[in-house]
Amino acid sequence: MSESAVYLTDDRDLPHNELRTLVIFQGGNGDWVEVANRHGRATEGVRLCTSGGASSHAPGLTVAIAGAYRAIRAAQRGDPQPPSQLDLEEEVAAWRAKYPQHHFEFGTITRKPIEST
C-alpha cells in the first residue's frame, strides 16, 4: 500500500468539528481508494477500481485521482508541484511543432518517411 495523501478542507462555511479530510492511497491491487472525515479516519470509503469500475464508468476519474494524489504528496513533502495534464499537453504540442518531421510512438522517436508529391 502507498503512503497516504491527506488534505484537510479549508471550508470556512463549516464549523470546525464538521470539517472533512480527503485521504487518497493506492491499495495493494492498484485501485485508488478515497476516504474522508476530519481526522482522516473512517469506516467507509469510496473505492475507485482501475480495472473496470470507475475506469469504465467514469473514464478519466482514476487519472484525476492519481493527479490529486501526486499534488497532495508533493505539498506534504514540500516539493514543487508536478506538472498538470495541460502543462504536459502544451509541452508535447511545442515539441511536435518544433520537430514536425518526427513521430513519437510507444516510447520511440522516429523520423517520418518523406512523402512523395
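### Things to note about the overall build of the protein
- If you tally the helices and strands in the protein, you get three helices and six strands.
- When the helices and strands of the protein are read in sequence order from the N terminus, they spell out β-β-β-β-α-α-α-β-β.
- For the protein, buried positions account for 18% of its 117 residues.
- Relative to all contacts within the protein whose residues are 6 or more apart in sequence, the contacts with residues 24 or more apart total 23%.
- Carbon and sulfur atoms make up 55% of the accessible area of the protein, which amounts to about 8,900 Å² in all.

### Observations regarding a negative patch on the surface
- Where like charges cluster on the molecular surface, the negative patch consists of Asp 87, Glu 89, Glu 90 and Glu 91.
- Looking at where Glu 89 falls in the secondary structure, it is placed in helix 3 (residues 85-98).
- Given the relative accessible area of 45%, Glu 89 is considered partly exposed.

### Some thoughts on the pattern of salt bridges
- Following the criterion strictly, the structure yields one salt bridge and no others.
- Taking the shortest distance from any N to any O, the salt bridge between Asp 79 and Arg 77 comes out at 2.8 Å.
- Relative accessible area serves as the criterion here: at 35%, Asp 79 is assigned to the partly exposed category.
- Look at Arg 77 and you get partly exposed, because its relative accessible area is 48%.

### Notes on the pairing of strand 5 (residues 102-105)
- Of the strand pairs in this sheet, strand 5 and strand 6 (residues 108-111) are connected by four bridges, and their pairing is antiparallel. Within strand 6, the residue paired with Glu 105 across the bridge is Thr 108.
- Turn length for the strand 5-strand 6 hairpin, with the two strands adjacent in sequence and antiparallel, is two residues, and the turn residue Phe 106 shows positive phi of about 55°.

### Observations concerning the confidence of the model for the protein
- Averaged over the protein, the pLDDT score is 79; the fraction of residues at 70 or greater is 87%.
- Ranking the helices and strands of the protein by mean pLDDT puts helix 3 first, with 88, and strand 3 (residues 32-36) last, with 66.

### Quick notes on the packing of aromatic side chains
- Tallied over the full model, the rule gives one aromatic pair.
- Each ring, one from Trp 95 and one from Tyr 99, has its centre 5.4 Å from the other, and the planes form 15°; the classification is stacked.
- A relative accessible area of 31% places Tyr 99 in the partly exposed class.

### Some points on helix 2 (residues 61-77)
- Its 17 residues place the ends of helix 2 24 Å apart at the C-alpha level, agreeing with the 24 Å of an ideal helix rising 1.5 Å per residue.
- The set of residues buried in helix 2 consists of Thr 62, Ile 65, Ala 66, Tyr 69, Ile 72, Arg 73 and Ala 74.
- Immediately downstream of helix 2, the backbone of Gly 78 shows phi near 80°, a positive value.

### So, the nonpolar core
- Core analysis: the biggest nonpolar cluster contains nine residues, these being Ala 5, Ile 24, Trp 32, Leu 48, Ala 54, Ile 65, Ala 66, Tyr 69 and Ile 72.
- For this core, the element with the highest residue contribution is helix 2, accounting for four residues.
- Those residues in contact with Ile 72 that sit more than four places away from it in its chain are Ala 5, Val 6, Tyr 7, Leu 22 and Ile 24.

### Digging into the environment of Gln 76
- Summarising the element assignment, Gln 76 is placed in helix 2.
- Using a relative accessible area of 37% as the deciding quantity, one classes Gln 76 as partly exposed.
- Apart from residues lying up to four places away in sequence, Gln 76 is in contact with Ser 4, Ala 5 and Val 6.

Criteria and cut-off values
Residues numbered from 1 in each chain as written. Predicted model: local features only at pLDDT ≥ 70, side-chain atom pairs only at ≥ 80, totals over all residues. Heavy atoms only, no water. Helix = DSSP H or I, 4+ residues; strand = E, 2+ residues; numbered from the N terminus. Buried < 20%, exposed > 50% of the residue type's maximum accessible area, 1.4 Å probe, protein only. Contact = heavy atoms within 4.5 Å. Areas by Shrake-Rupley, 256 points an atom, 1.4 Å probe, with all protein chains shown as cover. Patch = residues over 30% accessible without salt bridge, like charges linked within 9 Å, V, L, I, M, F, W, Y side chains within 5 Å. Salt bridge = Lys/Arg side-chain N within 4 Å of Asp/Glu carboxyl O. Lys, Arg positive; Asp, Glu negative; His and termini not counted. Charge placed at Lys NZ, Arg CZ, Asp CG, Glu CD. Pairing = 2+ DSSP bridges. pLDDT = per-residue confidence, 0-100. Phe/Tyr/Trp six-rings, centres within 6.5 Å; stacked < 30°, edge-to-face > 60°. Expected span 1.5 Å × (residues − 1). Core = buried A, V, L, I, M, F, W, Y, C linked by side-chain atoms within 4.5 Å.

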